[in-house]
Amino acid sequence: MEEEEVPDKEGVHQWLSEDWFPEHLKKYWFQRHQWWSKYNDGIWMTEPAWFEVTPEPIANKIAAHISEAAPEDKKVIVDTFAGVGGNAIAFAREGRWDQVFAIEKDEKAVACGKHNAKIYGVEKKIVWITGDCFSVVEKRLRGRKDVVIFASPPWGGTEYNTEDIFDLTKMEPYNLDKMFKSFSRITSEIVFYLPRNSDLNQVAQYAPEGDGKLEVAHYCIKGASKALCVYFGNFDFPQEEEEEEEEEEEEEGEEE
Ligand SMILES: C[S@@+](CC[C@H](N)C(=O)[O-])C[C@H]1O[C@@H](n2cnc3c(N)ncnc32)[C@H](O)[C@@H]1O
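Residues numbered from 1 in each chain as written. Predicted model: local features only at pLDDT ≥ 70, side-chain atom pairs only at ≥ 80, totals over all residues.

Per an unreviewed UniProt entry, the chain is named Trimethylguanosine synthase, and its organism is Aaosphaeria arxii CBS 175.79.

Okay, structure coming up:
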């Protein structure tokens, strides 16, 4: 960035010194460089974003997986709950997409996301839309054939962590059913970023007729799952081919 920009919106912060960092968020201070590799270049955050942002290594991994596995004719990715830009920036950095849309209802988070995208040099690749994602996708994307939707919704606070299996019908403020029904009106390629202990039997209820297959991937840091992604639609993961080859080899072996 050419000149240092300083946040001038209430609730938008650039915390470069621990002295000013909120006491109740202290544990996140030590993770700041893991959350953002360019943190010291002047990343902007809101307070809630510390609980919500997708850490950069995970966002990069998800972005790479979606890029390699999405159908080729999908040229646009829509981050429906874009927050301060963790995932949207990673999508833009992939260089795979003609357009990245980032929808976010909180204008403070949007201010952070736009600024953070500049830090990573991808501000021209992201179109930010401040508003409610359910109405924005209906109004702006209905009828398009080239869209992948990525959704990292709020998980309803940190309560999910206290349960063995997280009930996705009770996720607040939007449960899986509401989101799946809204977004599947736009596209069949939808990726949800959900708590690591999400009830996979509930997820399976939305598996397609026919082969009924869904991909679920856990994303880990230091050997511990932080979250999972469910991939709905025609995502073609390389490991499927490997598995198919293995199965074929096994079958051939049996025939001999
Ligand atoms: C878990 S955070 C997303 C974090 C984001 N992936 C990141 O890395 O910064 C969820 C975000 O969804 C936003 N949100 C909640 N309801 C929304 C809606 N109906 N439309 C758009 N954004 C919404 C919240 O303000 C919050 O920033």
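Further notes follow.
## Structural notes on the packing of helix α4 (residues 56–69) against helix α5 (residues 86–94)
Viewed as axis vectors pointing N to C, α4 and α5 meet at an angle of 50°, and their least axial separation amounts to 8 Å. Relative to α5, the element α4 is oriented oblique. When you trace α4 past α5, the crossing you get is right-handed. Packed against α4, whose contacting residues are Glu56, Ala59, Asn60, Ile62, Ala63, Ala64 and Ser67, the element α5 presents Gly86, Asn87, Ala90, Phe91 and Glu94 at the interface. For the contact of α4 with α5, the residue count by class is six nonpolar, four polar and two charged. (Axes fitted to C-alpha atoms, helices over the stretch in contact; angles between N-to-C directions. Helix = DSSP H or I, 4+ residues; strand = E, 2+ residues; numbered from the N terminus. Parallel < 35°, antiparallel > 145°, perpendicular 65-115°, else oblique. Left-handed = near helix turned anticlockwise from the far one by under 90°. Contact = placed C-beta atoms within 7 Å. Nonpolar A, V, L, I, M, F, W, Y, C, P; charged D, E, K, R; others polar.)

## Here's the deal with the sheet that holds strand β7 (residues 224–232)
Sheets are built from strands that pair by backbone hydrogen bonding, the pairs being arranged parallel or antiparallel. Read from one edge to the other, the open sheet built from seven strands follows the order β3-β2-β1-β4-β5-β7-β6, with strand pairing classed as mixed. Lying at the two open borders of the sheet, with one neighbouring strand each, are β3 (126–130) and β6 (215–221). Shown here is a sheet whose adjacent strand axes are inclined to one another by a mean of 20°, direction ignored. Two strands pair when backbone bridges link them, and strand β2 (residues 99–104) and β3 are joined in this way by five bridges, in the parallel orientation. Counted as the bridge partner of Val100 is Ile126 from β3. Across the face of the sheet, α4 comes into contact with β1 (76–79), β4 (147–151), β5 (190–194), β6 and β7 while running at roughly 150° to β6. (Pairing = 2+ DSSP bridges.)

## Description of the site of the ligand
Around the ligand, the surrounding shell holds 22 residues, and the nearest of these are Glu52, Phe81, Gly83, Gly86 and Cys133. Among the residues making up the shell around the ligand, the classes are represented as 11 nonpolar, six polar and five charged. (Near = placed C-beta within 6 Å.)

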